[in-house]
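Next come the chains, spelled out residue by residue.
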Amino acid sequence: MTSRADTALFTIGYEQSTPSAFQAALDEAKVGLLVDVRAVAASRRPGFSKTALAAGIAEHGVAYVHLRALGTPKEGRLAARSGDHDALMRIYDAHLATDPVKAALEELAELAQGRRICLMCFERHVEGCHRLRLAEFLCERLDLGVTHLQPAPF
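Owing to the predicted nature of the structure, the values given are computational and were not obtained by experimental measurement. (Residues numbered from 1 in each chain as written. Predicted model: local features only at pLDDT ≥ 70, side-chain atom pairs only at ≥ 80, totals over all residues. Heavy atoms only, no water.)

Draft legend 1. Representation of the nonpolar core. Of all hydrophobic cores here, the largest spans 26 residues; its most connected members are Leu70, Ile117, Leu119 and Leu138. Those elements that provide at least two residues to this core are strand 2 (33–36), helix 4 (85–96), helix 5 (99–112), strand 4 (116–121) and helix 6 (131–142). By residue number, the principal contributor to this core is helix 5, which donates 7 residues. Counting residues in each nonpolar core, the second largest holds 19 residues, with Tyr14, Val31, Leu34 and Leu149 among its members. (Core = buried A, V, L, I, M, F, W, Y, C linked by side-chain atoms within 4.5 Å. Buried < 20%, exposed > 50% of the residue type's maximum accessible area, 1.4 Å probe, protein only. Helix = DSSP H or I, 4+ residues; strand = E, 2+ residues; numbered from the N terminus.)

Here it is as structure tokens:
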């Protein structure tokens with residue numbers, strides 16, 4: 001049986017990091033489940049595409065789940081790339097109100113119970129990433145605090 005004490009929430013971005021530094025941050029936090037919240041779980045950076053990432057962290061005992069529905073829609077990603085953080089958040093907040101995302105949020109809340117989970121996306125700083133909204137949802141829903149991990153840069 002798990003208790004509330006077994007539940008912990010982290011976030012992480014892999015921008016400016018290496019797979020080994022990323023893994024070290026997960027290990028130090030004792031993360032048991034990495035939840036990939038990218039709409040597109042592919043990366044030009046070696047080790048951070050879905051299959052390679054899942055295999056790499058599994059070697060360290062960390063499970064992997066990709067919740068694509070929680071990713072930022074294309075227009076939000078374009079706003080982020082252009083530096084328009086307000087537009088990104090406006091677009092993402094509207095996305096959160098859709099039925100598929102509401103269902104994925106419920107799945108996320110279930111996955112978080114009794115686990116040490118980490119929400120993962122690209123952006124190094126959580127303030128510029130949609131994962132902040134997801135962390136806020138979980139903190140409120142499960143009465144948790146959150147720690148934003150920052151792996152060592154290259």
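There is more to say after this.
Draft legend 2. Spatial organisation of the packing of helix 3 (residues 74–81) against helix 4. Remark: helix 3 packs on helix 4, axes separated minimally by 7 Å, with the N-to-C direction vectors making an angle of 165°. When the axes of helix 3 and helix 4 are compared, the pair comes out roughly antiparallel. For the element pair helix 3 and helix 4, the recorded crossing hand is left-handed. Across from Glu75, Gly76, Ala79 and Ala80 in helix 3, the residues of helix 4 making contact are Ala87, Leu88 and Ile91. (Axes fitted to C-alpha atoms, helices over the stretch in contact; angles between N-to-C directions. Parallel < 35°, antiparallel > 145°, perpendicular 65-115°, else oblique. Left-handed = near helix turned anticlockwise from the far one by under 90°. Contact = heavy atoms within 4.5 Å.)

Draft legend 3. Examining the pairing of strand 4 more closely. Of all 6 residues in strand 4, 5 are buried; the element is thus mostly enclosed. Two strands pair when backbone bridges link them, and strand 1 (residues 8–13) and strand 4 are joined in this way by 6 bridges, in the parallel orientation. Paired with Leu9 across the bridge in strand 4 is Ile117. (Pairing = 2+ DSSP bridges.)

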